[in-house]
Amino acid sequence: MPNENSQKETGRERLLKAASTLLADRPASAISTRLLAKQAGVHHTLASYTHGGVAELLTAAFKVEEANFAQALPSIVFESPNPFPLSTFPNYWRSYIYQALDGRGSASEHIRSPDHMVARVAVTLHSRFPDRNPATNDLLAIVWWVLQIGALVFDEPFCRGLSVARRDRDKV
């Protein structure tokens, strides 16, 4: 008979899952300890106890989503039949966009980091096409990243053209 405790999520796991879901739904500045606790079904003090606070918990949740995406990155770039394979990681992409638009995060510093996904895509392209000019691979990585984000953020407006219609402004 399996141990029932091994099948239950801990409060820490529920908080991480709730933080990931909330980060994909709204900017970090709109996420409070009480909202996180309510979403996770735990007492609000658990966020501080397990992670040191809301900011640390949200960072941990983003890093989990980013790690899941990074692990799948090589197969996404070269093997996915989906033209926009990043849409299979909606929590990562939505939280990334909110982090970039929120202004409280360090998205601009993160983009210049060698750990940023653009740099990882470029490395993947360099390993796959070592004879290609490295600047070309870098540019292709940037274009790939921007197209993926654009397709996810402007899903419906892309169908109607490149501008965002007035009725769609609340979607971006």
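By convention here, each chain's residues receive numbers from 1 onward along its written sequence. Per-residue local features are limited, in this predicted model, to residues with pLDDT of at least 70; the limit for side-chain atom pairs, both in listing and counting, is 80 or more; totals at the level of whole chains, interfaces and linings are taken over all residues. The basis for every side-chain value is the complete set of non-hydrogen atoms in the structure, without hydrogens or water.

Let us look at the nonpolar core. Here, nonpolar core means buried Ala, Val, Leu, Ile, Met, Phe, Trp, Tyr and Cys residues that are tied together by side-chain atoms lying within 4.5 Å of each other. Each residue gets one of three labels from its accessible area relative to the maximum for its type: buried under 20%, exposed over 50%, partly exposed in between, using a 1.4 Å probe on protein chains only. Counting 36 residues, the largest nonpolar core has Leu 36, Phe 69, Tyr 92, Trp 93 and Trp 145 as its most contacted members. Secondary-structure elements contributing two or more residues to this core are helix 2 (11–23), helix 3 (33–40), helix 5 (54–79), helix 6 (90–102), helix 8 (117–128) and helix 9 (134–153). The numbering of helices and of strands both runs from the N terminus, where a helix is a DSSP run of H or I of at least 4 residues and a strand a run of E of at least 2. Here this core takes 10 residues from helix 5, the largest share from any one element. Should any heavy atoms of two residues lie within 4.5 Å, those residues are considered in contact. Once residues within four sequence positions are removed from consideration, Trp 145 is found in contact with Tyr 92, Trp 93, Tyr 96, His 116, Met 117 and Val 118.

Here the focus is the packing of helix 2 against helix 5. To get an axis, a line is fitted to the C-alpha atoms, and for a helix only the part in contact is used. The angle between two axes follows their N-to-C directions and goes from 0 to 180 degrees. The interhelical angle for the contact between helix 2 and helix 5, taken along N-to-C directions, is 80 degrees, at an axis separation of 8 Å. One finds that helix 2 runs roughly perpendicular with respect to helix 5. Packed against helix 2, whose contacting residues are Leu 15, Leu 16, Ala 19, Ser 20 and Leu 23, the element helix 5 presents Leu 57, Leu 58, Ala 60, Ala 61, Phe 62 and Glu 65 at the interface. For the contact of helix 2 with helix 5, the class distribution of residues is 9 nonpolar, 1 polar and 1 charged. Note on terminology: angles under 35 degrees are roughly parallel, angles over 145 are roughly antiparallel, angles of 65 to 115 are roughly perpendicular, and the others are oblique. In this classification, the charged set is Asp, Glu, Lys and Arg, the nonpolar set is Ala, Val, Leu, Ile, Met, Phe, Trp, Tyr, Cys and Pro, and all remaining amino acids, among them Gly, are polar.

End to end, helix 5 covers 37 Å across 26 residues, agreeing with the expected 38 Å (1.5 Å per residue, within 8%). The sharpest bend along helix 5 measures roughly 55 degrees and falls at Ala 72, with the proline Pro 74 sitting one to four residues further on. Looking at helix 5, one finds that the buried residues are Val 54, Leu 57, Leu 58, Ala 61, Phe 62, Glu 65, Glu 66, Phe 69, Ala 70, Ala 72, Leu 73 and Ile 76. Every helix has an expected span of 1.5 Å times one less than the residues it contains. In this scheme, the bend at a residue equals the angle between the axes fitted to the seven residues that finish there and the seven that begin there.

Let's shift gears to a nonpolar patch on the surface. The grouping of Leu 139, Val 143 and Leu 147 at the surface amounts to a nonpolar patch, some 270 Å² of accessible area in total. Structurally, Leu 139 is set in helix 9. Here a patch means residues that are over 30% exposed by relative accessible area and free of salt bridges, tied together within 9 Å if like-charged and within 5 Å if nonpolar (Val, Leu, Ile, Met, Phe, Trp, Tyr). Only the protein chains shown count as covering a residue, and every accessible area follows the Shrake-Rupley method with a 1.4 Å probe. Should a side-chain nitrogen of Lys or Arg be within 4 Å of a carboxyl oxygen of Asp or Glu, the pair is scored as a salt bridge.

The next subject is the side chain of His 51. Mapped onto the elements of the fold, His 51 is located in helix 4 (residues 45–51). Overall, His 51 belongs to the buried group, its relative accessible area being 13%. Polar contact is defined as a pair of N or O atoms within 3.5 Å, subject to the rule that within protein one atom must be able to donate a hydrogen and the other to accept it, and that residues adjacent in sequence are counted only when both atoms are side-chain atoms. A polar contact is formed between the side chain of His 51 and the side chain of Thr 50, at a distance of 2.7 Å. Excluding its chain neighbours within four sequence positions, the residues that come into contact with His 51 are Arg 12, Leu 16, Leu 46, Glu 56, Leu 57 and Ala 60.

Each aromatic pair joins two rings of Phe, Tyr and Trp (for Trp, the six-membered one) with centres within 6.5 Å, and gets the label stacked for planes under 30 degrees apart, edge-to-face for over 60, and tilted for any other angle. Applying the stated criterion across every chain, the model contains 5 aromatic pairs. Between Phe 69 and Tyr 92, the aromatic rings sit 5.0 Å apart at their centres with planes inclined by 15 degrees, giving stacked as the arrangement. Taken together, the residues span a long stretch of sequence, with Phe 69 in helix 5 and Tyr 92 in helix 6 at a distance of 23 residues. Each member of the pair, Phe 69 as well as Tyr 92, carries the same accessibility label: buried. Cluster of aromatic residues (ring-pair linked, three or more members): Phe 62, Phe 69, Phe 89, Tyr 92 and Trp 93. One residue, Arg 132, lies across the ring of Phe 129, its end atom 4.2 Å from the ring centre. Geometrically, a lysine NZ or arginine CZ counts as sitting over a ring once it is within 6 Å of the ring centre and also within 35 degrees of the ring normal.

Let us look at the confidence of the model for the protein. As a per-residue measure, pLDDT reflects the predictor's confidence and takes values from 0 up to 100. In this model, the protein carries an average pLDDT of 77, and 74% of its residues clear a pLDDT of 70 or more. Low pLDDT (under 50) marks residues 1–6, which in the prediction has 1 contact with non-local residues, meaning those over four places away or in another chain.

On to the packing of helix 2 against helix 3. For the pair helix 2 and helix 3, interaxial distance at closest approach is 8 Å and the crossing angle is 115 degrees. As summarised for this structure, helix 2 and helix 3 are arranged roughly perpendicular, according to the angle between their axes. As for the relative orientation of helix 2 and helix 3, their crossing is right-handed in sense. On helix 3, the residues that touch Arg 14, Leu 15, Ala 18, Ala 19, Thr 21 and Leu 22 of helix 2 are Leu 35, Leu 36, Gln 39 and Ala 40. Across the contact of helix 2 with helix 3, the residue classes tally to 7 nonpolar, 2 polar and 1 charged. Whether a crossing is left-handed or right-handed is set by the direction in which the near helix is turned from the far one by less than a right angle, anticlockwise for left-handed and clockwise for right-handed.

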